[in-house]
Amino acid sequence: MPIKPFQAESKHLLDLMIHSIYTHKEIFLRELISNASDAIDKLYYKALSEENTGLNRDDFLIRILPDKEKRTLTISDNGCGMTKEELETNLGTIAKSGSLDFKNEFESKPDIEIIGQFGVGFYSAFMVSDHVSVVSRAFGGEETYRWESHGAEGYTVEPCEQRETSGTDIVLDLKPDADDEKFSEYLDSYTLRNLIKKYSDYIRYPIRMNVEKSRLKEGSKDEYESYTEEETLNSMVPIWRKNKNEITKEQYNQFYKDKFMDYEDPARVIHMYTEGTATFHALMYLPARAPYDFYTKEYEKGLQLYSNGVMIMDKCADLLPDYFSFVRGLVDSQDLSLNISREMLQHDRQLKIIAGRVEKKIQSELESMLKNKREDYEKFFQNFGLQLKYGVYQDFGAHKDGLQDLLLFHTSAGEKYSTLAEYVTRMKEDQKYIYYVCGESVQKAALLPQTEAVRDRGYEILYLTDPIDEFAVRVLEKYQDKEFKSVSADDLDLETEEEKKEAAQKVEENKDLLSFMKDALDGRVKAVVLSNKLKSHPVCLSTSGAISMEMEKVLNSLPNAEKEKVQAQRVLEINANHPVFDRLVKLLDSDKEKLKTYASLLYTQALLIEGAPIDDPVAFSNQICSLMTD
């Protein structure tokens with residue numbers, strides 16, 4: 001019989017669709033099963049519209065028939081089938097979708113959910129086979145026809161042996177195995193079962209296959225025999241499409257542990273259904289603890305993406321913003337085409353709408369958790385709070401308004417976490433700023449000398465102990481019109497006007513001493529000043545400019561920091577009310593060399609208090625020994 005050419009042009013077009021639309025060859029099975037499901041749907045809806053009660057939905061099924069000897073894989077259904085004309089129209093034209101035509105015809109009926117709407121799914125079969133046969137009998141028709149093709153050259157359609165019932169058999173002659181491709185694995189029952197579980201577990205009709213098993217022979221203790229048993233390979237009803245009141249907490253938790261390979265129950269379940277511009281189901285979970293690789297480059301974020309119960313992508317990163325990357329779960333939408341690549345998804349308008357709705361839902365659930373289940377939220381924050389802080393800093397603070405009320409901090413008010421809103425409600429009437437201090441831990445931050453003056457005024461201090469904290473706070477700038485202020489800043493503005501005058505006079509009286517000490521430190525500090533924040537300690541370091549000491553440490557620890565070190569503009573602050581200061585004043589007139597040593601010692605002491613590396617440990621040790629033997 002003469003070969004008819006495809007109407008949609010050439011081999012180049014077929015190759016283009018296969019290689020650009022499909023990332024993995026295993027997708028072919030998902031596509032063909034989805035087409036089979038659509039065919040059954042069409043017959044079922046046709047029966048309903050014609051009030052034909054002779055057809056029962058429970059009778060429909062999809063069958064998988066692997067044949068290792070012939071190297072063929074058959075996907076069979078008892079759906080609507082196709083006439084000769086439909087075979088030529090639907091399979092003879094690349095990117096022609098019979099499913100889409102059917103949906104358009106019945107689009108006024110909202111309960112019709114057809115999976116394959118892009119029209120190229122069938123041609124994925126040519127990724128794994130070099131010859132495809134389609135044997136089909138249309139419902140109500142008397143003839144059965146076979147459509148055959150070896151690929152882009154064209155196809156033939158001719159009558160064949162009669163099929164007993166309506167439906168379609170798609171027979172794939174698999175390609176020979178190659179060094180980099182083992183096509184014969186698609187004949188292995190274990191592989192087929194896993195692929196169906198992965199991609200087509202929630203197809204609404206049973207997918208059945210004969211599976212070879214073994215059992216102990218009757219009357220024998222150690223002799224086994226092989227037998228074949230038909231198995232249903234799919235679950236059919238997805239949990240996320242059920243009403244919430246039909247699902248128990250135990251069922252939610254078990255689904256999470258089975259689906260996402262976690263041994264602990266989740267901290268929270270988020271089950272949503274949205275209709276309108278974007279219609280979709282979503283079932284998401286907040287894990288009880290962070291995965292071991294969560295804060296590494298290896299961690300891959302994303303939600304599973306389904307189209308009408310058929311998985312499109314295992315981890316769709318575009319559905320989650322980075323700051324909510326800890327969320328695990330899935331989205332199932334009938335508005336997304338099944339046949340779509342990662343590249344096409346990035347530009348899909350529906351996906352962007354869904355992602356926006358998902359983000360808002362996660363946000364509201366976290367806010368609810370913080371308000372109503374504080375203890376649970378604090379446990380969650382211990383695991384994932386760092387990611388929320390990164391979100392505040394990310395994109396130049398574009399998301400800070402939505403995230404700032406989700407942040408928790410330790411403060412000088414007690415051991416419990418505090419939100420920024422709670423901090424502000426506790427502020428004293430005369431308090432101008434939200435004060436913070438950076439440290440490796442709460443305990444070390446609380447001991448820093450810079451905190452003395454602020455605490456003496458009765459002002460509460462935020463303890464910032466994560467590397468990202470100060471960057472996030474700088475991006476926030478303000479909270480409820482209250483500016484953030486580091487206790488190490490050189491402009492704390494804690495003094496009265498009288499105190500400022502006294503301080504200025506003392507600076508003027510000791511300007512020669514301060515200038516000498518600055519010169520003695522030989523460029524290690526921008527200035528030496530008299531401190532307005534120290535009470536019992538003799539010395540501390542502050543900074544001038546945008547880079548703080550903590551920022552310097554963080555930036556210099558980054559992977560590319562070796563090339564160009566960041567240097568904060570350090571300021572050495574001296575407590576004029578400490579006995580050490582009196583000693584410095586006397587040395588200015590009596591022993592300038594010893595004053596140089598004292599300046600170096602005090603600077604090194606300030607570095608040690610800050611937890612910063614000292615310039616020369618040997619010189620520091622020698623200076624201490626020199627003083628001890630003086």
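Residues numbered from 1 in each chain as written. Predicted model: local features only at pLDDT ≥ 70, side-chain atom pairs only at ≥ 80, totals over all residues. Heavy atoms only, no water.

S.K.: Could you give an account of the environment of Thr 277, with specific residues and numbers?
M.R.: With respect to the helices and strands, Thr 277 occurs in the loop between β9 (268-274) and β10 (280-286). In the structure, Thr 277 is positioned 77 residues away from Ile 354 in sequence and 9.1 Å away in space, judged by C-alpha atoms. The contact partners of Thr 277, leaving out residues within four places of it in the chain, are Asp 335, Arg 349, Gln 350, Ile 353 and Arg 357. (Helix = DSSP H or I, 4+ residues; strand = E, 2+ residues; numbered from the N terminus. Contact = heavy atoms within 4.5 Å.)

S.K.: Give me the lowdown on the pairing of strand β6 (residues 167-174), citing residues and values where you can.
M.R.: Taking burial as the measure, the eight residues of β6 include six buried ones, the bulk of the element. Across six bridges, strand β2 (residues 72-77) lies against β6 in antiparallel orientation. In the sheet register, Asp 77 faces β6, and the bridge partner there is Thr 168. As judged from the eight bridges shared by strand β3 (residues 129-137) and β6, these two strands associate in the antiparallel manner. Bridging across to β6, Ser 133 finds its partner in Val 171. (Buried < 20%, exposed > 50% of the residue type's maximum accessible area, 1.4 Å probe, protein only. Pairing = 2+ DSSP bridges.)

S.K.: Can you tell me about the side chain of Ser 129, naming the residues and giving the values?
M.R.: Looking at where Ser 129 falls in the secondary structure, it is placed in strand β3. Reaching out from Ser 129, the side chain makes a polar contact with the backbone oxygen of Ala 125 at a distance of 2.7 Å. Dropping the residues within four chain positions of it, Ser 129 is found in contact with Leu 172, Asp 173, Leu 174 and Lys 175. (Polar contact = N/O pair within 3.5 Å; in protein donor to acceptor, adjacent residues only side chain to side chain.)

S.K.: Residues and numbers for the pairing of strand β12 (residues 310-316), please.
M.R.: Across the seven residues that make up β12, a large majority, five, are buried. Where strand β11 (residues 303-307) and β12 come together, four bridges link them in antiparallel fashion. Among the inter-strand pairings, Leu 303 is bridged to a residue of β12, identified as Cys 316.

S.K.: Talk me through helix α18 (residues 579-590); I want residue IDs and the actual numbers.
M.R.: The end-to-end C-alpha distance of α18, which contains 12 residues, comes to 17 Å, matching closely the 16 Å that a straight helix rising 1.5 Å per residue would cover. Looking at the buried positions of α18, the neighbouring elements they touch are α16 (511-520), β20 (527-530), β22 (569-574) and α19 (592-610). (Expected span 1.5 Å × (residues − 1).)

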